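Fold and geometry: a report
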Amino acid sequence: LCISEAFPSCPLSVLAEQFSPNTTGDVAAGMLIPHTYPGTPIHVQKQWFKETFAYLFAISNSAEASEAGIHLVSGWQVFKTPPKDEVPFWSDVVLGFRPMSAAELQKFPQHRWGQAFTTLKCDCPPYLLWLERRLRANGVQLRTSKVADLWELRSEYDVVVNCTGVGAQQLVGDRELLPTRGQVLQVHAPWLKHFIRDGDGSTYIYPGIHSVTLGGSREKGSWSLSPDPATTRDIFSRCCSLEPSLQRAEGVRVKVGLRPSRSAVRLQREVLSRGGAELPVVHNYGHGAGGFSVHRGTAKEATRLVGECIAALRGSSCRAKL
Ligand SMILES: Cc1cc2nc3c(=O)[nH]c(=O)nc-3n(C[C@H](O)[C@H](O)[C@H](O)COP(=O)(O)OP(=O)(O)OC[C@H]3O[C@@H](n4cnc5c(N)ncnc54)[C@H](O)[C@@H]3O)c2cc1C
Ligand SMILES: O=C([O-])CC(=O)C(=O)O
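Residues numbered from 1 in each chain as written. Chains lettered and ligands numbered in written order. Predicted model: local features only at pLDDT ≥ 70, side-chain atom pairs only at ≥ 80, totals over all residues. Heavy atoms only, no water.

1. What about the UniProt feature "binding site: D-dopa" (unreviewed entry) in the protein?
UniProt annotation of "binding site: D-dopa" (unreviewed entry) refers to Y204 and R259 when read in the numbering used here. Take Y204: it is sitting in strand β9 (residues 204-207). Given a relative accessible area of 6%, Y204 falls into the buried group. Other than its neighbours up to four places away in sequence, Y204 contacts A29, V184, I196, R197, T213, L214, G215, G216, R218, C239 and R259. In contact with R259, other than residues within four places in its own chain, are T24, V166, L178, P179, T180, R181, G182, Y204, S217, R218, G288 and A289. Here S217 takes part through its backbone oxygen, which lies 3.1 Å from a polar atom of the side chain of R259. (UniProt positions renumbered as here; feature names shortened; annotations may be inferred. Helix = DSSP H or I, 4+ residues; strand = E, 2+ residues; numbered from the N terminus. Buried < 20%, exposed > 50% of the residue type's maximum accessible area, 1.4 Å probe, protein only. Contact = heavy atoms within 4.5 Å. Polar contact = N/O pair within 3.5 Å; in protein donor to acceptor, adjacent residues only side chain to side chain.)

2. A few points about unusual backbone geometry
In this chain, S20 is followed by P21 through a cis amide linkage whose omega measures 15°. Within the element layout of this structure, P21 appears in the loop between β1 (13-16) and α2 (24-27). In this structure, the amide linkage connecting G215 to the following residue, G216, adopts the cis form with an omega of 0°.

3. Some points on the pairing of strand β8 (residues 195-198)
In the case of a regular strand, side chains alternate between the two sheet surfaces. Of the two faces of β8, the one carrying F195 and R197 and the one carrying I196 and D198 are both buried. When strand β2 (residues 70-79) meets β8, the two strands line up parallel, connected through 4 bridges. Within β8, the position partnered with Q77 by the bridge is R197. Note that β8 and β9 share 2 bridges and pair antiparallel. Bridge pairing links R197 to Y204 in β9. In this structure, the hairpin formed by β8 and β9 is closed by a connection of 5 residues, where G201 is found at a positive phi of approximately 80°. (Pairing = 2+ DSSP bridges.)

4. Thoughts on the pattern of salt bridges
Pairs can form between side chains of opposite charge whenever their charged atoms are close. Under the defined criterion, the tally for this structure stands at 18 salt bridges. Between E243 and K107 there is a salt bridge whose closest N-O contact spans 2.7 Å. Linking E243 in the loop between α8 (229-242) and β12 (250-261) with K107 in the loop between α5 (102-105) and β4 (113-122), this pair joins segments that are 136 residues apart in sequence. Given the relative accessible area of 7%, E243 is considered buried. The exposure class of K107 is partly exposed, given its relative accessible area of 35%. Of the charged contacts in the structure, one is a salt bridge between R266 and E270, with a shortest N-O distance of 3.6 Å. Classification of E270 as partly exposed rests on a relative accessible area of 30%. (Salt bridge = Lys/Arg side-chain N within 4 Å of Asp/Glu carboxyl O.)

5. Some points on the nonpolar core
Residues F49, L56, I70, Y127 and L322 are the most contacted members of the largest nonpolar core, which totals 47 residues. Among the elements of the structure, α3 (42-60), β2, β4, α6 (124-137), β9 and α9 (291-312) are those that each provide at least two residues to this core. Top contributing element to this core by residue count: α9, with 7 residues. Each residue touching Y127, except ones within four places of it in the same chain, is listed here: Y55, L56, A68, I70, C122, F292 and H295. V187, I235, L246 and A249 belong to the second-largest nonpolar core, a separate cluster that totals 20 residues. (Core = buried A, V, L, I, M, F, W, Y, C linked by side-chain atoms within 4.5 Å.)

6. Let's talk about the environment of A137
Residue position: A137 is located in helix α6. A sequence separation of 103 residues divides A137 from C240, and the C-alpha atoms of the two residues are 44 Å apart.

Pasting the structure below:
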């Protein structure tokens, strides 16, 4: 979407093996709380988060908010022992960040310290459909197709942007990229209005527009997309211990996704060449557990790299096909 906005005269297609509701993005809890990428400088991660927050904040403050599934949510991140980083790098991007008061902490007898703030939450399947509608409105073609080799796209396209998530492991042979399997539950508990996250990342309760998302689980290296009943019971029991009223929650739906884990997001230009011919590629994958929190910021950087590719192409830039 970012590319189609920046280069409206370039024909643009999105090819995907799966569209919503069958992507990792559809499984995401959709909370704007960054996860740190050890291989990416903090100021870059902060910029990506800031741009994403600003973009979604504007949507949440418009008539589009309910259709796009985006809303503000306040709550707490609680810790058994205070973290090294009591004031994380993203504290001045979210709204009203402060240490929790003693009165608030009384709600969490197993925790000693916490952060209170307001952030954004997205119901990801409606958001993805909203993005698709905007793409179509900008004249972008959406095609279901599995790409076996980026080079096969050269006959039809001048520039390729690779946003294949965990699929990049096979597509470009990236051994640094691994799946981290995650399972979440969606329950009906409309009385819950605040988010709660255990600071160790193990357990979270995120109220959305239509349901509350309960998590989490993290299994490195697992490719299984089948729900695991023992994990469902474990998530539910951990969430009930943080928020006892959940014992009355109804209608559990289970979702599983594979986080594309990597030490750093691969956001990079590469020129593939075979037999004297070239294909410029922009990679934008490896967003791990925090892809939703930085998606607009990383898309903007990918768009800047696409601009470099177009400028480098011989001939007229407006004839480039993406
Ligand atoms: C349980 C869980 C909870 C999460 N919660 C949050 C959260 O609260 N906040 C947050 O910021 N992040 C969260 N995330 C992380 C977030 O979901 C991911 O970082 C993000 O979805 C990655 O997006 P992506 O577009 O790179 O990958 P995907 O969503 O996997 O999209 C990749 C696309 O590429 C296509 N594709 C792959 N290979 C090929 C190929 N060879 N040919 C054609 N198409 C291909 C796929 O079909 C798909 O359409 C969570 C993830 C999980 C699993
Ligand atoms: O950790 C969280 O708050 C939610 C999340 O991003 C995940 O499960 O990957």
